Amino acid sequence: PPPPPAGPIAVIGASRGTGLQCVLYLAKRKLPCRAVARDPAACEKAVSAALSPALQQYVTYVRADVTKPKTLSPAVRGCAGAIFAATAPAGWRLPFASDLEDTPPHVDFE
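Residues numbered from 1 in each chain as written. Predicted model: local features only at pLDDT ≥ 70, side-chain atom pairs only at ≥ 80, totals over all residues. Heavy atoms only, no water.

The subject of this paragraph is the overall build of the protein chain. Scanning the protein chain from N- to C-terminus turns up four helices and four strands. For the protein chain, the α and β elements follow one another from N to C terminus as β-α-β-α-α-β-α-β. The buried share among the 110 residues of the protein chain stands at 31%. Put simply, 61% of the contacts in the protein chain that link residues at least 6 apart link residues at least 24 apart. Element-wise, carbon and sulfur atoms account for 58% of the exposed surface of the protein chain, whose accessible area totals about 7,000 Å². (Helix = DSSP H or I, 4+ residues; strand = E, 2+ residues; numbered from the N terminus. Buried < 20%, exposed > 50% of the residue type's maximum accessible area, 1.4 Å probe, protein only. Contact = heavy atoms within 4.5 Å. Areas by Shrake-Rupley, 256 points an atom, 1.4 Å probe, with all protein chains shown as cover.)

Laid out in structure tokens, this is it:
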């Protein structure tokens, strides 16, 4: 088997849906992961409801928001890899500001 990653795997959008399932998958395989969410407390509550305390030790939580790009780099620093699972409702657009000129208008495809 391949060696374990050198750092945790970041899961961006870890509070629910695909992101939450990725966190659970990694923890069940005893792989360290960093759950990245706008509301880490809500994310931790969801993870705690699904995993035993022995598996919860593989998950750490950090606050970041994909609509605030400057929060993402610190959130994934030191990670061996990242899974981007953040989504948004159809029609949602990033705010347009001078510092976001190169930002795509949607978080995911419609």
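Across the sheet, four strands lie side by side as β3-β2-β1-β4; this open sheet has parallel pairing. Sheet topology places β3 (59-63) and β4 (81-84) at the edges, where each strand pairs with a single neighbour. With direction set aside, neighbouring strand axes in the sheet form an average angle of 25°. Set on the sheet, helix α1 (residues 17-28) makes contact with β1 (9-12), β2 (33-37), β3 and β4; between it and β1 the angle comes to about 160°. Sheet strands in contact with helix α2 (residues 40-50) are β2 and β3, and its direction is about 155° off that of β3. (Pairing = 2+ DSSP bridges. Axes fitted to C-alpha atoms, helices over the stretch in contact; angles between N-to-C directions.)

This brings us to the nonpolar core. Soluble globular proteins: nonpolar side chains tend toward being buried together. Judged by nonpolar contacts, the single largest core of 17 residues is most densely connected at Val23, Val47, Leu51 and Val59. Going through the elements one at a time, β1, α1, β2 and α2 are the ones with two or more residues in this core. Per-element tally for this core: the top contributor is α1, with six residues. The contacts of Val59, once residues within four sequence positions are left out, are Val23, Ala27, Cys33, Ala35, Val47 and Leu51. (Core = buried A, V, L, I, M, F, W, Y, C linked by side-chain atoms within 4.5 Å.)

Considering the arrangement of structural elements, one finds Arg34 in strand β2. Buried and unpaired, Arg34 has Glu44 as its nearest opposite-charge partner, separated by 13 Å. Ignoring anything within four residues of it in the chain, the contact list for Arg34 reads Pro8, Ile9, Ala10, Val11, Thr60, Val62, Pro74, Ala75, Val76, Arg77 and Cys79. (Lys, Arg positive; Asp, Glu negative; His and termini not counted. Salt bridge = Lys/Arg side-chain N within 4 Å of Asp/Glu carboxyl O.)

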